[in-house]
Amino acid sequence: MNPAKLSLYVAGNNPKTEKLIAHVRSLCEQSFGADVLFEVVNVLEHPEIAERESIMATPTLVREYPLPRRHIVGDFTQTDRVLQALEMNFQP
Amino acid sequence: MVQELNQKPVIKLPTGIVGLDHITNGGLPKGRTTLVTGSAGTAKTVLASQFLYEGITKFNQSGVFVTFEESPDDIRSNMLGFGWDIPTCEQKGQWVFVDASRQPNETLVVGHYDLTALVARIQYAVEKVGAQRVALDSLGAIFAQFTDVSLLRSELFRIAWSLKSMGVTTIMTAERTQEYGEIARFGVEEFVADNVIILRNVLEEEKRRRTIEVLKFRGTSHRKGEYPFTIIPNQGIVVIPLSAIELQQKSSKLRITSGSKELDRMCGGGFFRDSVILVSGATGTGKTLMATEFMAGGALNGERCLLFAFEESRDQLFRNAIGWGFDFEAMEQQGLLKVVCEYPETAGLEDHLIEMKRVIEEFKPNRVAIDSLSALERISTAKGFREFVIALTSFIKHQEVAGLFSSTTPTLLGGASITEAHISTITDSIILLRYVELYGEMRRGLTVLKMRGSTHDKNIREFTIDAHGMHIGAPFRDISGILSGNFTRLVPDEIQRMSNMFMDDDIEK
């Protein structure tokens, strides 16, 4: 089975985004285990990727795999809701 | 933040959209955002697309189209109907889409966010093609995507601000719920309220009428009020600027023939070359004949003649002309005559106006006849018709061609039509054709009511129609009240007595 793949879109590279990235990474590992593929895209550096992937808002977490593809928009402070959203329709 | 104290006046960016640059006094405020609002079906997307397309084709200015609602594919194929080849522009790097219409299947909002990604995408697109024009269409859809209205407002403000800092001129479109009410839904105008244009598509007397209004331009001037516009294939939006009419047309002393020697004599030697003549009469009084003679008279002198017929078919017109001794077919073959027959109901009045203008510009006639102008009355509201007549008359005058319009009066005897009320003051000559009831017989009378810049015959003369056209005869002497339709016959003695009353005593002696 393929490992889970997630992409996080953030704006900029600063302590705030660093903290957010670490937070979301740990949430993903909680859900999908340590071998999760986790990618971070800074939309200010790579707007063309944001364009290609139709990203409007930051931060956005995209669950690329497992399907269905799912976008979660927000600052991920409500951990339980994020986890719920990440795992929805997903049976390991 | 330190504010720069630059006090540059607002510069306008010509849009290239016909008529719009006139009512905006030169275009949209450059480097600013203009909000275009309208209810459903008011052509907001067309205006946004045209703004970009004209920029590319007329001014070599690249554009970015941010679509929130329709997919780029839909826009590409919809705009093809106007002859706008967006894919080619995209290939040349002049047009780029920012597709914000694609909704990911499932989006969940948890906590705070902002639209930095969208702003970054727009900036990226603007830089990529060196855009000078940006269109965002339409803001309503983004409010459906993200529900936090106050956040969206501040984000849209940020987008507008960042576009301004990039120096691009922007159109943002937004929905409104009523034709006459709040400017836009969601209070959009609160953050991009510097410049507002309203598009309307009002249903009036079962007829649709599109109008455009510049509500405000902060710091610069524009024309006020609603202006009719239409959307036509291969051209897009065409605004009809009524106030563009300026009384600047040149005037000529050169006379041209009316096609009838007798009528020329009555008019003091013919019509002026660049005058507009109104022929008014009840049905069957000879208006079409007069238009036919006007055309034939021109063609015989080698002038180019254009006839717009809204009442009769080509075949009917040609047959009638032959009946009066004129061969329209031969004139057409010589290239001196062009007959355009159209049923008034085939198009809206604005569309007729634009089509007529196009034909006139293409054929470059020396004289134009419209038979009849009043037939167009029935496809429009009174207000719309008045605007049409004024726009058409002024256009014809600017072309410096002679125009003859016929107008049907609603009553057989006497009377006036709406057409006359609208244009009698802007026409140079008015000819009245009236039925005269005389000893149990209907006869026809003709008089030149007005002949600007010339003396003319003031008699009401009898005219007859035969196989050689019309013939103007002697004045009606023993009858009065023809124009009002209330005839009074005067016995010859009475006429004699009355003429004597005004005769100078010296002359009698």
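Each value, and the rule that gives it
- Residues numbered from 1 in each chain as written.
- Chains lettered and ligands numbered in written order.
- Predicted model: local features only at pLDDT ≥ 70, side-chain atom pairs only at ≥ 80, totals over all residues.
- Heavy atoms only, no water.
- Pairing = 2+ DSSP bridges.
- Helix = DSSP H or I, 4+ residues; strand = E, 2+ residues; numbered from the N terminus.
- Axes fitted to C-alpha atoms, helices over the stretch in contact; angles between N-to-C directions.
- Contact = heavy atoms within 4.5 Å.
- 1 Å grid on protein atoms, 1.4 Å probe; cavity = no way out; pocket = protein on both sides within 12 Å on 5 of 7 lines; lining within 4 Å.
- Points joined across faces, edges and corners; volume = space filled by probe spheres on them.
- Nonpolar A, V, L, I, M, F, W, Y, C, P; charged D, E, K, R; others polar.
- Buried < 20%, exposed > 50% of the residue type's maximum accessible area, 1.4 Å probe, protein only.
- Buried area = accessible area lost by both parts, 1.4 Å probe.
- Salt bridge = Lys/Arg side-chain N within 4 Å of Asp/Glu carboxyl O.

(A) The arrangement of the sheet that holds strand β5 (residues 95–99) of chain B in detail. Residue and element names in this part refer to chain B. Overall, mixed pairing links the nine strands, which are arranged β5-β4-β7-β8-β3-β9-β10-β11-β12 in an open sheet. This sheet does not close on itself; its edge strands, each paired only once, are β5 and β12 (236–239). Across the sheet, the axes of successive neighbouring strands diverge by a mean angle of 25°, strand direction being ignored. Pairing geometry for strand β7 (residues 133–137) and strand β8 (residues 169–175), over four bridges, is parallel. Within β8, the position partnered with Leu-136 by the bridge is Met-172. Strands β4 (63–67), β5 and β7 of the sheet are contacted by helix α5 (residues 116–129), whose axis makes an angle of about 170° with β5.

(B) The arrangement of empty space enclosed by the protein in detail. All names here are of chain B. As enumerated under the stated definition, the model contains two cavities of 30 Å³ or more in all. The calculated volume of the second largest cavity comes to roughly 40 Å³. In terms of lining, the second largest cavity is formed by Phe-308, Phe-310, Val-340, Glu-342, His-352, Glu-355 and Met-356. Considering every element that reaches the lining of the second largest cavity, the biggest residue donor is helix α12 (residues 349–363), with three residues. Residues of the lining of the second largest cavity, tallied by class, amount to four nonpolar, one polar and two charged.

(C) Looking closely at the pairing of strand β20 (residues 429–438) of chain B. Residue and element names in this part refer to chain B. Within β20, nine of the ten residues are buried, which leaves it mostly tucked inside the rest of the structure. Where strand β15 (residues 276–281) and β20 come together, five bridges link them in parallel fashion. Its bridge partner lying in β20, Gly-281 is registered against Leu-433. Sheet topology note: the β20/strand β21 (residues 441–451) ladder contains ten bridges and is antiparallel. The partner of Ile-431 across the bridge, within β21, is Val-448. Turn length for the β20-β21 hairpin, with the two strands adjacent in sequence and antiparallel, is two residues, and the turn residue Tyr-439 shows positive phi of about 45°.

(D) Structural detail: the interface of chain B and chain A. Facing 26 residues of chain B, the contacting portion of chain A comprises 28 residues. Around 2300 Å² of area is buried between chain B and chain A when both sides are counted, 57% of it from carbon and sulfur atoms. With a shortest N-O distance of 3.0 Å, Glu-51 of chain A and Arg-121 of chain B are connected by a salt bridge. Those elements that provide at least two residues to the side of chain B that touches chain A are β5, β6 (107–109), α5 and α6 (139–145) of chain B. With six residues, the single largest contributor to the side of chain B that touches chain A is α5 of chain B. Grouping the constituent residues of the side of chain B that touches chain A by class yields 16 nonpolar, five polar and five charged. Of the pairings in the sheet, the one linking strand β4 (residues 70–73) of chain A to β6 of chain B comprises three bridges and is parallel in character. Within β6 of chain B, the position partnered with Ile-72 of chain A by the bridge is Leu-108 of chain B.

(E) Representation of the environment of Leu-108 of chain B in the model. Looking at the secondary structure, you find Leu-108 of chain B in strand β6. Under the relative-accessibility criterion, Leu-108 of chain B is labelled partly exposed at 23%. Apart from the residues within four sequence positions on either side, Leu-108 of chain B is in contact with His-71, Ile-72, Val-73 and Ala-85 of chain A.

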